[in-house]
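Coordinate inspection notes
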Amino acid sequence: MQAVQELIAPDTSLTGAPSLQYDVMREIFSLLAPYNVGSKPITPQTVISKGLTVDSLTIMDVIMELEDRFDVTIPMHVAADIVTIDQLAEAVVSQRAKR
């Protein structure tokens with residue numbers, strides 16, 4: 001969790017609360033932390049399928065958790081193009097903006 005706070009500065013200028021991007025990234029880091037067995041830290045640029053010990057089912061579980069947590073639906077054609085943690089966060093944020 002410390003890594004998230006160091007990598008992403010929350011935008012509190014308008015509302016006094018962390019931005020949605022920060023919230024999403026923090027949740028992703030939390031969900032993927034158990035799958036980081038190497039010595040490299042998880043960053044927004046981490047390639048999900050190569051930088052972590054996850055399989056496609058785990059990735060889909062993470063996406064479903066994010067959909068539930070942030071009340072969004074990420075279409076399969078969008079999910080199929082997600083490679084990095086940053087792209088996953090952006091998909092959640094952009095789907096939330098469409099609501």
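Residues numbered from 1 in each chain as written. Predicted model: local features only at pLDDT ≥ 70, side-chain atom pairs only at ≥ 80, totals over all residues. Heavy atoms only, no water.

Observations concerning the nonpolar core
Which entries qualify depends on this criterion: Among buried residues, those of type Ala, Val, Leu, Ile, Met, Phe, Trp, Tyr and Cys that are joined through side-chain atoms within 4.5 Å constitute a nonpolar core. The rule is simple: take the accessible area with a 1.4 Å probe, protein chains only, and divide by the maximum for that residue type; under 20% is buried, over 50% is exposed, in between is partly exposed. Numbered from the N terminus, helices here are DSSP runs of H or I no shorter than four residues, and strands are runs of E no shorter than two. Contacts are assigned to residue pairs with any non-hydrogen atoms lying within 4.5 Å of each other.
Among the nonpolar cores identified, the biggest contains 23 residues, and I28, L32, I74, I85 and L88 are the most heavily contacted of them. Of all the secondary structure elements, the ones that give two or more residues to this core are helix 2 (20-32), helix 4 (56-70) and helix 6 (85-97). Looking at which element gives the most residues to this core, the answer is helix 6, with six residues. With near-sequence residues (within four places) excluded, I85 lies in contact with M25, I28, F29, L32, I42, T43, P44, T46 and I48.

Considerations on helix 6
Selection rule: Multiplying one less than the number of residues by 1.5 Å gives the expected span of a helix.
Over its 13 residues, helix 6 extends 19 Å from the first C-alpha to the last, a length consistent with the 18 Å expected when each residue adds 1.5 Å. Listing the buried residues of helix 6 in full gives I85, L88, A89, A91, V92, V93 and Q95. On its buried face, helix 6 sits against helix 2, helix 3 (48-51), helix 4 and helix 5 (76-79).

Here we look at the packing of helix 2 against helix 6
The condition is simple: Axes here refer to lines fitted to C-alpha atoms; in helices the fit is confined to the stretch in contact. Angles between the N-to-C directions go from 0 to 180 degrees. In what follows, roughly perpendicular refers to angles from 65 to 115 degrees, roughly parallel to angles under 35, roughly antiparallel to angles over 145, and oblique to any angle outside these ranges. The handedness criterion is simple: a crossing whose near helix is rotated anticlockwise from the far helix by less than a right angle is left-handed, and one whose near helix is rotated clockwise is right-handed. Each residue receives one of three labels: charged for Asp, Glu, Lys and Arg, nonpolar for Ala, Val, Leu, Ile, Met, Phe, Trp, Tyr, Cys and Pro, and polar for the others, Gly being one of them.
Here helix 2 crosses helix 6 at 135 degrees, and the two axes come no closer than 9 Å. By the criterion of interaxial angle, the relationship of helix 2 to helix 6 is oblique. Here the hand of the crossing between helix 2 and helix 6 comes out right-handed. Taking contact as the criterion, the partners of L20, Q21, V24, M25, I28, F29 and L32 in helix 2 are, on helix 6, I85, D86, L88, A89, E90, V92, V93 and R96. Of the residues in the contact of helix 2 with helix 6, the class split is eleven nonpolar, one polar and three charged.

Observations regarding the environment of A79
Relative to the helices and strands, A79 resides in helix 5. Considering only alpha carbons, one finds A79 and I59, 20 residues apart in sequence, at a separation of 9.4 Å.

Without other data, these values stay purely geometric and don't point to any function.
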